[in-house]
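Residue-level structure breakdown
Spelled out from the first residue to the last, the chains are:
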Amino acid sequence: MVLGSAVASPLCTWLIAACMTVGNDKRDFYKPSIFLQCPKKLNRRNLVGQKSKNGGSGINSLMSFCHFQPCEEYYNSQRLSSSFAFFEGNVFSVGPLKCKQRSLSQASHSGKTLAVAEQLVKPVKTDKKVTKKKRRVVVTGLGVVSPLGHDADVFYGNLLEGEIKNFSADGWVSPKLSKRADKFMLYLLTAGKKALADGGITDEAMEKLDKAKCGVIIGSALGGMKVFSEAIEALRVSHKKMNPFCVPFATTNMGSAVLAMDLGWMGPNYSISAACATSNLCILSGANHIISGETDMMLCGGSDAAIIPIGVGGFAACRILSQRNDDPTKASRPWDIHRDGFVMGEGAGVLLLEELEHAKRRGATIYAEFLGGSFTCDAYYTTEPHRDGRGILCIEKALAKSGVDRKDVNYVNAHATSTQLADLKEYQAIVRCFGQNTELRMNSTKSMIGHLLGAAGAVEAIATVKAIQTGWVHPNINLDHPDEGVDTNVLVGPKKEHLDIKVALSNSIGFGGPNSSIVFAPYKD
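An account of the accompanying structure is given in this report. If you're wondering where the values come from, they're calculated on a predicted model, not measured in any experiment.

Focus: the overall build of the chain
The helix and strand tally for the chain stands at 22 helices and 12 strands. The buried share of the chain, taken over its 525 residues, is 51%. The long-range fraction of contacts in the chain, counting pairs at least 24 apart against all pairs at least 6 apart in sequence, stands at 78%. Accessible surface, the chain as shown: approximately 25,800 Å² in total, 54% of it carbon and sulfur.

Some words on the sheet that holds strand 7 (residues 409–413)
The strands making up a sheet associate through hydrogen bonds between their backbones, and the pairing can be parallel or antiparallel. Taken together, 10 strands build an open sheet; the order of strands is 3-2-4-5-1-6-12-11-7-8 and the sheet is mixed. Either end of the sheet is taken by a strand with one partner, and the two such strands are strand 3 (269–270) and strand 8 (441–443). Pairing analysis gives 3 bridges linking strand 1 (residues 137–145) to strand 6 (residues 368–377), with the strands arranged antiparallel. In the strand pairing of strand 6, Val138 is matched with Glu369. The sheet contacts of helix 19 (residues 391–402) involve strand 6, strand 7, strand 11 (503–509) and strand 12 (514–521), and relative to strand 6 the element is tilted by about 140°.

Things to note about the environment of Arg135
Relative to the assigned elements, Arg135 resides in the loop between helix 9 (113–120) and strand 1. Once the C-alpha coordinates of Arg135 and Ala287 are considered, the two residues, 152 residues apart in sequence, prove to be 9.8 Å apart. For Arg135, the side chain forms a polar contact with the main-chain oxygen of Thr295, separated by 2.9 Å.

A short note on the pattern of salt bridges
Inspection of every chain in the model, using the stated rule, returns 20 salt bridges. Its salt-bridge partner being Arg135, residue Asp296 comes within 3.1 Å of it at the nearest N-O pair. Taken together, the positions of Asp296 in the loop between helix 16 (278–291) and strand 4 (297–304) and Arg135 in the loop between helix 9 and strand 1 put the pair 161 residues apart, joining distant regions of the chain. Residue class for Asp296 comes out buried when judged on its relative accessible area of 11%.

Looking at the packing of helix 16 against helix 22 (residues 456–470)
For the pair helix 16 and helix 22, the least separation of the axes is 5 Å and the interaxial angle reads 65°. Classified by the angle between their axes, helix 16 and helix 22 sit roughly perpendicular to one another. Contacts between helix 16 and helix 22 involve Ser279, Asn280 and Ile283 from the former and Ala456, Gly457, Ala458 and Ala461 from the latter. Partitioned by chemical class, the residues of the contact of helix 16 with helix 22 number 4 nonpolar, 3 polar and no charged.

A closer look at the nonpolar core
Counting 48 residues, the largest nonpolar core has Phe155, Leu351, Leu353 and Phe520 as its most contacted members. Ala169, Met206, Ile218 and Ala260 belong to the second largest nonpolar core, which has 38 residues in total.

Considering the packing of helix 10 (residues 152–161) against helix 22
Helix 22 packs onto helix 10 with a crossing angle of 85° between their chain directions and a minimal axis gap of 10 Å. Comparing the axis directions of helix 10 and helix 22 gives the class roughly perpendicular. In this structure, helix 10 uses Ala152, Asp153, Phe155, Tyr156 and Leu159 to contact helix 22, whose residues at the interface are Val459, Ile462, Ala463, Lys466, Ala467 and Thr470.

Describing the pairing of strand 5 (residues 347–355)
One face of the sheet, then the other: side chains in a regular strand alternate in exactly this way. For strand 5, a buried count of 9 out of 9 residues is recorded, marking the element as mostly surrounded by other parts of the structure. In this structure, strand 4 lies alongside strand 5, joined through 8 bridges in antiparallel fashion. Each bridged residue has a counterpart across the sheet, and for Leu299 the counterpart in strand 5 is Leu352.

Some points on unusual backbone geometry
The backbone of Ala275 sits at a positive phi, close to 55°, despite the residue not being glycine. Following the sequence through the fold, Ala275 ends up in the loop between strand 3 and helix 16. Residue classification places Ala275 among the buried residues on the basis of a relative accessible area of 19%. Although it is not a glycine, Leu453 adopts a positive phi angle of roughly 55°. The residue Leu453 is located in the loop between helix 21 (446–449) and helix 22 in this model.

Focus on the environment of Asn489
If you trace the backbone, Asn489 turns up in the loop between strand 9 (472–473) and strand 10 (497–498). C-alpha separation for the pair Asn489 and Glu439, spaced 50 residues apart in sequence, amounts to 9.3 Å. Leaving out residues up to four positions away in the same chain, Asn489 has contacts with Leu440 and Arg441.

Basis of the calculations
- Residues numbered from 1 in each chain as written.
- Predicted model: local features only at pLDDT ≥ 70, side-chain atom pairs only at ≥ 80, totals over all residues.
- Heavy atoms only, no water.
- Helix = DSSP H or I, 4+ residues; strand = E, 2+ residues; numbered from the N terminus.
- Buried < 20%, exposed > 50% of the residue type's maximum accessible area, 1.4 Å probe, protein only.
- Contact = heavy atoms within 4.5 Å.
- Areas by Shrake-Rupley, 256 points an atom, 1.4 Å probe, with all protein chains shown as cover.
- Pairing = 2+ DSSP bridges.
- Axes fitted to C-alpha atoms, helices over the stretch in contact; angles between N-to-C directions.
- Polar contact = N/O pair within 3.5 Å; in protein donor to acceptor, adjacent residues only side chain to side chain.
- Salt bridge = Lys/Arg side-chain N within 4 Å of Asp/Glu carboxyl O.
- Parallel < 35°, antiparallel > 145°, perpendicular 65-115°, else oblique.
- Nonpolar A, V, L, I, M, F, W, Y, C, P; charged D, E, K, R; others polar.
- Core = buried A, V, L, I, M, F, W, Y, C linked by side-chain atoms within 4.5 Å.

Purely geometric stuff here, so don't read any function into it on its own.
Here it is as structure tokens:
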């Protein structure tokens, strides 16, 4: 090892110095040398082990190739000569070296080659730090299928007033697919296409898109439960009675895949499944694809349809559903002292995220800017949040990644599902983070639409964006007797309220402990 170092040090130093000092004119320093211009010639045979015709080594060939020779003082170094002797009969065969051609600078002729090398390899100091401008992400389209409406404007208008609507996929999904597909997929396809329509992506506009830079990430917590449940019942008769699409249509990624097939979008396409935090993770991942430059446009969100016997029965077995069956309209009551569990809902929410300059070039309407987000894990229990309120870590990380000061956040759309422990622990984490902000207002969309499981985060993100756009935040209904642990000055009351939102945060939490927080703000050029 010592001998190898003795060889490597002077040899490598000479190569660096020689290759960087081809000419003695300063202008020559910036010209690419032949050594750099001919990479194909620099294979192992050219550099080592190849005998020259006169008995020299590959080093001789290299020196002839680079059109320069080291000085006599360098050759007279006993240390270098003894070191080269080690390689006789092995890799190198170094014969007597003669200086036939001298084109080094005056410094190297006077024995200062090493000093020249040291000068040239010193890092160049610059006064200004060169940074790449971060790509900004904006929301340009909204699509929703929910208990309160299937158009973003209608949905939010009903959130402000409180009215129920019915669903139809007519005009959005082909009749043939409607008969075969699970409801979660029908919701997803409808919401996705409505988001495009809302974003001004007409057939003509679609033709102008670079479809390789357009992607879909729409997740689901439970996937196609209905189509799979029906297949199990058919199997009791015979496997021949099963829907041949029962397996692919049950997978959580198939909704995103079918939507991409309809649109011809060839960018990133997958599904994230993280229980009730699914949508937020899909939105954050979609935004990251845009920020990285991989895509210009992403459809992101979530969809779920689990109101079937096995779905309702499964959640009932977990003992987390409300039992207020005699008064169902009052059953979902986040932060109320008499809350006794959540109410299941179905639906889908899809946001069209777009790179800012791309959106401006096509004249898109910008609803809000997506600033960033984060997700963490409680690492505690299957169906409960950690009792010390670890969700605050996720909120703080989301603010840090978004470059937002906590005093600027004045609206939070909370996860608040109407369960005893989770509502209070999330509230405490939020107040601990933003409690000094007297303008802070908080509400729960679930008080009116129930819990849409994997779709909840996207539908609530749409509510958050609409609150930014309209300047109105929807009420918390059924909050008749607030829990003793909450401050009613923070919570929105039973009627809508006007709010000039500076920065808004939307939370989602799921089984297994995933916490997710995403941040939106009014768009400012």
